[in-house]
Each structure stands twice: as C-alpha cells, then as structure tokens.
Amino acid sequence: MPSRSSAVAALLGLSHELGREGRMLAILGEGNASARVSPGTFLVKASGSNLATLGRECLTECRMEGLLALLGKRNLGDSDVTAALLASRVDPRARIPSVEAVFHAWLLTLPGVQFVGHTHPVAVNGLLCSRWARSFSERRLFPDEIVCCGEASVFVPYTDPGHRLARAIRRETTRFIERRGQAPRVILLANHGLIAIGSTPQAVLAGTLMAEKAAHIFTGAASTGASPRFLSGRQVTRISGRPDEHYRRKALGL
Ligand SMILES: [Zn+2]
C-alpha cells in the first residue's frame, strides 16, 4: 500500500485529470474518486466538491466497515444512509463524504483495486441513455478498448443513486467475476455514468478516457444505420491474452 501522502497526491492528481475542462467527463459537482489508504480506511471526495479543483480539504477519510455493513441491508431511508456516512468519518470535523462512498468502499475491497473514479462522460452517457447501452457494455469494437477497458464491462441497469445503486453494483460485479473469473476494469451504469477501477491512477484514467473514445466510435458506427460490427469473442480473447498487449499494459501502468 502506498504511503498516505503519496496516495493523497495520486488521488488529487487523478481527480484533476477526470475533472479537466474540455474532457466533458464531469462538470460542477459531478463524479467522485477514491483511494485506499490503510487496510480499513479510504479517502473519497466530499459531497458537492468539484473534481477539477479538488483540494486536500475536500477529501474525507472513511472507515470501510460501517459503509460495507449497509450493503447487507434492504430499503434503508435517506436519513439512515446520511447517518452512516457521517459516522464513517475518521475525523468528525471532516466534510460529509459523497453519497456514492458506499460503492467506493465495496469496490476498494476487490483484489488489486487501490483507486476508483466515477464520472458522467458525455459520449458514454449518450449510449447509456439509449437502446445500445448493454451492447456497448458487453461487446468490443477495437483492440485498444480491450487493453484499457477489459474484455467486457459490467452493465448495471438504472437504479436510485446511493444505497440501492451500491447494492446493484455489488450484485452485477459479483456476477461478472463469477462468470469471467476476472475483475472488471470498467462498470457502466445505465442512464447515469461510468466507474473505472484499478491498482493505479493511470489505470482508472485510461479506462475512463478509452471508454469515452469507444463511445464516440460506437456512436459513429451505429449512425450508419446498421448495427456496429463487433469483434468476435475469439478476437477479443486473443487481444486480451497477447504477450505484447500484456507488456503494453504494464508499460502504461494499467
Ligand atoms: Zn454519478
């Protein structure tokens, strides 16, 4: 695990990249990012703060335990979730963490995951608000998409943000891992946005940017009127397993 100060610097750097003006991944208070800083705690963006200009004071350190316990409960009210978010803070003077801190906590328990980035990218959301949402998540169009976003992304049907969404993300991601025997790099939320996970900030940024590029390409392919021409399952597996792509992933810090 990296030192606390290097994790803070890496998380702020990732947040600024995700919020960069012109990329159209997140504007105003949209999106959030997190990093694991100790076996039982993580840092996450405080509610309502801006990714592009995030400062140290806008990061809240949370204990994972209380937030993970919420996932075992059904039908919690908003006030129960707010109370748990406030109680999870290591420093009671810190700002309230984002309501999405619950899914950050769970994703950071997956093997090898140290960083999580959640955004609302324009082109990705264009597809996630369309009939193509599931195809965009589960099919692949070009090799670099496989290198940065994995063989497929998790698809999560629309649900209420916060506690219910965190439960849906856990359910769909667990199914994905059981079916494929590997963790995803990207999770797509219908009518909402994208989550990228990884062991480094570079992996999270690469998954996010490449998914956004893939969405532009998908939209271009679909605008011809016919279905986009997807790579076959065999082609996807071949790219994913190629030794040169493995080295490229390593060189890119993915
Ligand atoms: Zn969101």
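Criteria and cut-off values
- Residues numbered from 1 in each chain as written.
- Predicted model: local features only at pLDDT ≥ 70, side-chain atom pairs only at ≥ 80, totals over all residues.
- Heavy atoms only, no water.
- Helix = DSSP H or I, 4+ residues; strand = E, 2+ residues; numbered from the N terminus.
- Rg over C-alpha atoms; globule rule 2.2 N^0.38 Å.
- Buried < 20%, exposed > 50% of the residue type's maximum accessible area, 1.4 Å probe, protein only.
- Contact = heavy atoms within 4.5 Å.
- Areas by Shrake-Rupley, 256 points an atom, 1.4 Å probe, with all protein chains shown as cover.
- Lys, Arg positive; Asp, Glu negative; His and termini not counted.
- Charge placed at Lys NZ, Arg CZ, Asp CG, Glu CD.
- Core = buried A, V, L, I, M, F, W, Y, C linked by side-chain atoms within 4.5 Å.
- Patch = residues over 30% accessible without salt bridge, like charges linked within 9 Å, V, L, I, M, F, W, Y side chains within 5 Å.
- Salt bridge = Lys/Arg side-chain N within 4 Å of Asp/Glu carboxyl O.
- Donors = N, O, S within 2.8 Å, 3.2 Å for Na, K, Ca; no water.
- 1 Å grid on protein atoms, 1.4 Å probe; cavity = no way out; pocket = protein on both sides within 12 Å on 5 of 7 lines; lining within 4 Å.
- Points joined across faces, edges and corners; volume = space filled by probe spheres on them.
- Pairing = 2+ DSSP bridges.
- Axes fitted to C-alpha atoms, helices over the stretch in contact; angles between N-to-C directions.
- Nonpolar A, V, L, I, M, F, W, Y, C, P; charged D, E, K, R; others polar.

**Q** Residue-level account of the overall build of the chain, with values.
**A** Along the backbone of the chain there are 11 helices and seven strands. For 254 residues, the compact-globule estimate of 2.2 N^0.38 gives 18 Å, and the chain sits close to it at 18 Å. Counting over 254 residues, the chain shows a buried share of 53%. Of all intrachain contacts in the chain linking residues separated by at least 6 positions in sequence, the fraction that spans at least 24 positions is 68%. Accessible surface, the chain: about 11,600 Å² in total, of which carbon and sulfur atoms supply 53%. Here the chain contributes 32 positive and 20 negative side-chain charges, whose respective centroids are spaced 5 Å apart.

**Q** I'd like a rundown of the nonpolar core, residues and numbers included.
**A** Formed by 51 residues in total, the largest nonpolar core has its most connected members in Leu 59, Val 124, Phe 136, Cys 148, Leu 188, Leu 194 and Phe 218. It is helix 9 (residues 201-222) that provides the largest number of residues to this core, a total of 10 residues. Those residues within four positions of Phe 218 in sequence are excluded, and the remaining contacts are Leu 127, Trp 132, Ser 135, Phe 136, Leu 141, Pro 228 and Phe 230. In this structure, Met 64, Val 81, Leu 85 and Trp 106 belong to the second largest nonpolar core, which totals 32 residues.

**Q** How would you sum up a nonpolar patch on the surface? Please name residues and give values.
**A** A cluster of nonpolar side chains, Met 24, Ile 27, Leu 28 and Val 122, forms an exposed patch at the surface whose accessible area comes to about 400 Å². For Met 24, a relative accessible area of 44% gives the class partly exposed.

**Q** Can you break down the coordination of the zinc ion residue by residue, with the values?
**A** Taken together, the protein ligands of the zinc ion are His 118 (NE2), His 120 (NE2) and His 192 (NE2), with distances of 2.1 Å. In the primary structure, the donors to the zinc ion are separated according to the pattern H-x1-H-x71-H. Separated by 72 residues along the polypeptide, His 120 in the loop between strand 4 (115-119) and helix 5 (122-128) and His 192 in the loop between strand 6 (186-189) and strand 7 (193-198) bring together distant segments of the chain. Both residues of the pair, His 120 and His 192, count as buried.

**Q** How would you summarise empty space enclosed by the protein if you had to cite specific residues and measurements?
**A** All told, the structure shown has one cavity of 30 Å³ or more when counted by the stated rule. The computed volume of the largest cavity comes to approximately 40 Å³. Residue lining of the largest cavity: Phe 136, Arg 140, Glu 145, Cys 149, Ser 153, Val 186, Leu 188 and Ala 211, and that is the complete set. For the lining of the largest cavity, the elements supplying multiple residues, two or more each, are helix 7 (143-149) and strand 6.

**Q** Give a detailed account of the sheet that holds strand 3 (residues 59-63), specifying residues and quantitative values.
**A** With mixed pairing, the seven strands of this open sheet are ordered in space as 3-2-1-4-7-6-5. Either end of the sheet is taken by a strand with one partner, and the two such strands are strand 3 and strand 5 (154-156). Sheet twist, expressed as the mean angle between neighbouring strand axes with direction ignored, is 20°. Across four bridges, strand 6 lies against strand 7 in antiparallel orientation. The partner of Val 186 across the bridge, within strand 7, is Ala 196.

**Q** A description of the layout of surface pockets should follow, citing residues and the corresponding values.
**A** Counted as a void, the largest pocket has a volume near 370 Å³. Along its surface, the largest pocket is lined by 18 residues, and Ala 183, Pro 184, Arg 185, Arg 249 and Leu 254 are the ones closest to its centre. Elements with a contribution of two residues or more to the lining of the largest pocket: helix 7 and strand 7. Class assignment for the residues of the lining of the largest pocket results in nine nonpolar, six polar and three charged.

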